[in-house]
Amino acid sequence: MSGSDASLIEADALVVRYGGWQVNEPVSFSLHPGQLGLLTGPNGSGKTSILRALLGQGVGYEGNLRVLDSDARRVKPWRVIREGLRVIPQFPTLPVSLIVMEYVKVWRRYNPGCLVERERETDRHRVAKGELGRLFGIDTRVPISVLSTGQRRLLEIFLAFAAKPRVLLADEPLAGIAREFIPYVAEGIRGVRESSGAVLMVTHGSEASPWRGDWAVEVMPAKCRA
Amino acid sequence: MSFAVLLFFTAAVGILLSMGTHVVWQTSRRLMLVIGAIASVSGYAVAIAANAGVPVVWAVLSAMLIGALLGVVLCLSAWRVAREDFLLLALAFSELVRRLAFHLECLTNGAYGLRVAPILPGTSDMWFTGVGILAAAVALCLQLWFRSSRGLEWRIVGCSRSSAELLGSVPARSELASSVVSGAVAALAGIAYVLCIRYIHPDDMGIDLSLAALVVGLAARPRWLTIDLCVMAFILFAGRDFLRLWDIGGTVRFAIHEVVVGAIIILMAIRLARADPGGSEP
């Protein structure tokens, strides 16, 4: 396999475990640049746990799991993020005590150069402010706590796309957002794929209609939990 | 030296100590009840160095370094224990510092307190310099806290660790850095106190001072931090000194002082307990 086609994420006989509790039946998949991979399955089958394992958030598992050429057991969240992995979490994790622009200011520190190239604008604050307001009606001067859950999700989605990720982990990205923004999400995912990135999406299946995955793996709950 | 300057000075010391507790609380949700002990150690360090004839710049710098190192040590120990246990650790450390100050008579002059030789000529000038330096330190801290992306990042860590991690931030590093700043700030308060008062006693920066700083630091709202810190520090710290120096007879004065300060701390603690610590949903 050539360097550019090398898998960004690779799972082989992956079983998530919480203590001695087996969560899912073994799954195997491989995500290459330009691909959209779908993890489907019923609630509680361990889809989100697989994403957390990829992020190095302390989820135990058996089998083989590699992300960006590293064993997922050894990765730290901040390290994979700095290597180009981005996440759209299922529930917003934004710090509610900050105002939107303060958060964007810190975000810019970890994503230098982003949010600038879209428009020839020297004041990057104004770029983010303008786009967030124009796209989603988000006033960047208000505290994040004032935003609705949907707006927080949109903010996270916007920043995830703006970071031009190598790998995007999207956990049910359409949940909780208005129908009118579905094309924006679909367009963003297409943009990631076209720029040689890859997207691993957790979905229940029905909401995946705006796009078609290159592959889909159904994660099933473990038949024998112990 | 005017009485007003003394009150301003006390309030400035209180603001710095409160800010030290506030920074750690906002970053790691730890109750920095050792802030007085750190100030005390740094105060003694600068006093001993000054009496030994060490140049004032070196004395101040080394005392601040000691404060920052104590912040690091306490932060590292905090990683090993739960938040509640960290309180016990803080209490134990404060008591250890106080006892050492009482019993290491060769260094601290024990219960008599340590007088500090004048470092700069002109006592009144020193007071104004002290207030000026403290005000500059407060302004710098506010700048770091509100304007710099570093300070904002610390607040993100305190509010949501997972959010900080998803940004690419290392929460442990932020917690360590905030502890260093907190320790250095506390040290600066202790140093300014010693250089201006020119005297330090083991009970000067005890657990009551830490408690007052902690209550102010926690009760201050991040969005109104400057105003909250100034108002509350004046009420608690300057008010405390005002009552202490008010000439209405020893026992009565002492009783009023203790009751008023205690009541204010209790009221603020109640307000704090009712508030949402994370500043999450409105």
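Numbers given to residues run from 1 along each chain, matching the order in which its sequence is written. Here chains are named by letter from A upward and ligands by number from 1 upward, in the order in which they appear as written. The model is predicted, so local features are restricted to residues of pLDDT at least 70 and side-chain atom pairs to those at 80 or more, both for listing and for counting; the totals for chains, interfaces and linings are taken over all residues.

**Comments concerning the overall build of chain B**
Part 1 of the argument: Scanning chain B from terminus to terminus reveals 12 helices and two strands.
Part 2 of the argument: Numbering of helices and strands runs from the N terminus; a helix is a DSSP stretch of H or I covering at least four residues, while a strand is a stretch of E covering at least two. Counting from the amino terminus, helix and strand elements in chain B follow one another as α-α-α-α-α-β-α-α-α-α-β-α-α-α.
Part 3 of the argument: In chain B, which comprises 282 residues, the proportion classed as buried is 47%.
Part 4 of the argument: Each residue gets a C-beta atom placed from its backbone, and two residues are in contact if those atoms lie within 7 Å. Excluding contacts between residues fewer than 6 apart, the proportion of contacts in chain B whose partners are at least 24 apart in sequence is 79%. Note on burial: count the other C-beta atoms lying within 10 Å of the residue's C-beta; 20 or more is buried, 12 or fewer is exposed, in between is partly exposed, and C-beta positions come from the backbone.

**What to know about the overall build of chain A**
Part 1 of the argument: The helix and strand inventory of chain A stands at six helices and 10 strands.
Part 2 of the argument: Here chain A holds 226 residues, and 44% of them are scored as buried.
Part 3 of the argument: Taking as baseline every contact in chain A between residues at least 6 positions apart, the subset at least 24 positions apart corresponds to 71%.

**Overview of the environment of A170(A)**
Residues and elements named next belong to chain A.
Part 1 of the argument: Within the secondary structure layout, A170 lies in strand 8 (residues 167-171).
Part 2 of the argument: Looking at A170, the number of C-beta atoms within 10 Å reads 25, which means it is buried.
Part 3 of the argument: Sequence spacing of A170 and Q90 is 80 residues, and the spatial spacing of their C-alpha atoms is 7.8 Å.
Part 4 of the argument: Not counting residues within four places of it along the chain, the set of residues in contact with A170 comprises I88, V199 and M201.

**Describing the nonpolar core**
Part 1 of the argument: In this structure, V13(B), L16(B), V46(B), A187(B), A189(B) and I191(B) are the most contacted members of the largest nonpolar core, which totals 80 residues.
Part 2 of the argument: Breaking this core down by element, the ones donating at least two residues are helix 1 (3-28), helix 2 (35-51), helix 3 (56-78), helix 4 (83-103), helix 6 (123-147), helix 9 (171-197), helix 10 (207-219) and helix 11 (225-245) of chain B.
Part 3 of the argument: Those residues within four positions of V13(B) in sequence are excluded, and the remaining contacts are L134(B), A189(B), A192(B), Y193(B) and F237(B).
Part 4 of the argument: By definition, a nonpolar core groups buried Ala, Val, Leu, Ile, Met, Phe, Trp, Tyr and Cys residues that are joined through C-beta atoms within 7 Å. Of all hydrophobic cores here, the second largest spans 75 residues; its members include Y103(A), L147(A), I189(A) and V199(A).

**Quick word on the domain arrangement of chain A**
All names here are of chain A.
Part 1 of the argument: Note: domain ranges come from an automatic or database domain assignment. What the domain assignment lists for chain A is domain 1 (1-84 + 165-226) and domain 2 (91-164).
Part 2 of the argument: Counting residues at the interface gives 13 residues for domain 1 and 10 residues for domain 2.
Part 3 of the argument: With five residues, the single largest contributor to the side of domain 1 that touches domain 2 is helix 6 (residues 182-194).
Part 4 of the argument: The residue classification treats Ala, Val, Leu, Ile, Met, Phe, Trp, Tyr, Cys and Pro as nonpolar and Asp, Glu, Lys and Arg as charged. All others, Gly included, are polar. Residue composition of the side of domain 1 that touches domain 2, by class: nine nonpolar, four polar and no charged.

**Concerning the sheet that holds strand 10 (residues 215-218) of chain A**
All names here are of chain A.
Part 1 of the argument: On the basis of which strands lie adjacent, the open sheet formed by five strands has the order 7-8-9-4-10 and parallel pairing. Looking at strand neighbours, the two that pair on one side only are strand 7 (85-88) and strand 10, the edges of this open sheet. Between one strand axis and the next, the sheet turns by 15 degrees as a mean value, whatever way the strands run.
Part 2 of the argument: Here helix 1 (residues 47-54) sits on the sheet in contact with strand 4 (36-40), strand 8 and strand 9 (198-202), set at roughly 150 degrees to strand 8.
Part 3 of the argument: For every element, the axis is a line fit to its C-alpha atoms; helices are fit only across the contacting stretch, and the angle between N-to-C directions ranges from 0 to 180 degrees. Set on the sheet, helix 5 (residues 149-162) makes contact with strand 7 and strand 8; between it and strand 7 the angle comes to about 160 degrees. Note on pairing: DSSP must find at least two bridges between two strands before they are called paired.

**Considering the confidence of the model for chain B**
Residue and element names in this part refer to chain B.
Part 1 of the argument: As a per-residue measure, pLDDT reflects the predictor's confidence and takes values from 0 up to 100. Per-chain confidence: chain B averages 82 in pLDDT, with 88% of residues scoring 70 or above.
Part 2 of the argument: Within chain B, no element has a lower average pLDDT than helix 12 (residues 250-274), which sits at 71, and none a higher one than helix 2, at 92.
Part 3 of the argument: Taken together, the stretch residues 277-282 has pLDDT below 50 and engages in 12 contacts with residues farther than four places along the chain or on a different chain.
Part 4 of the argument: Note on the complex model: pTM 0.82, ipTM 0.84.

**Observations concerning the interface of chain B and chain A**
Part 1 of the argument: The interface of chain B with chain A comprises 20 residues on the first partner and 19 residues on the second.
Part 2 of the argument: Elements that contribute at least two residues to the side of chain B that touches chain A include exactly helix 7 (149-159) and helix 8 (161-167) of chain B.
Part 3 of the argument: Broken down by element, the residue count for the side of chain B that touches chain A peaks at six residues, all from helix 7 of chain B.
Part 4 of the argument: Here the residues of the side of chain B that touches chain A sort into eight nonpolar, eight polar and four charged.

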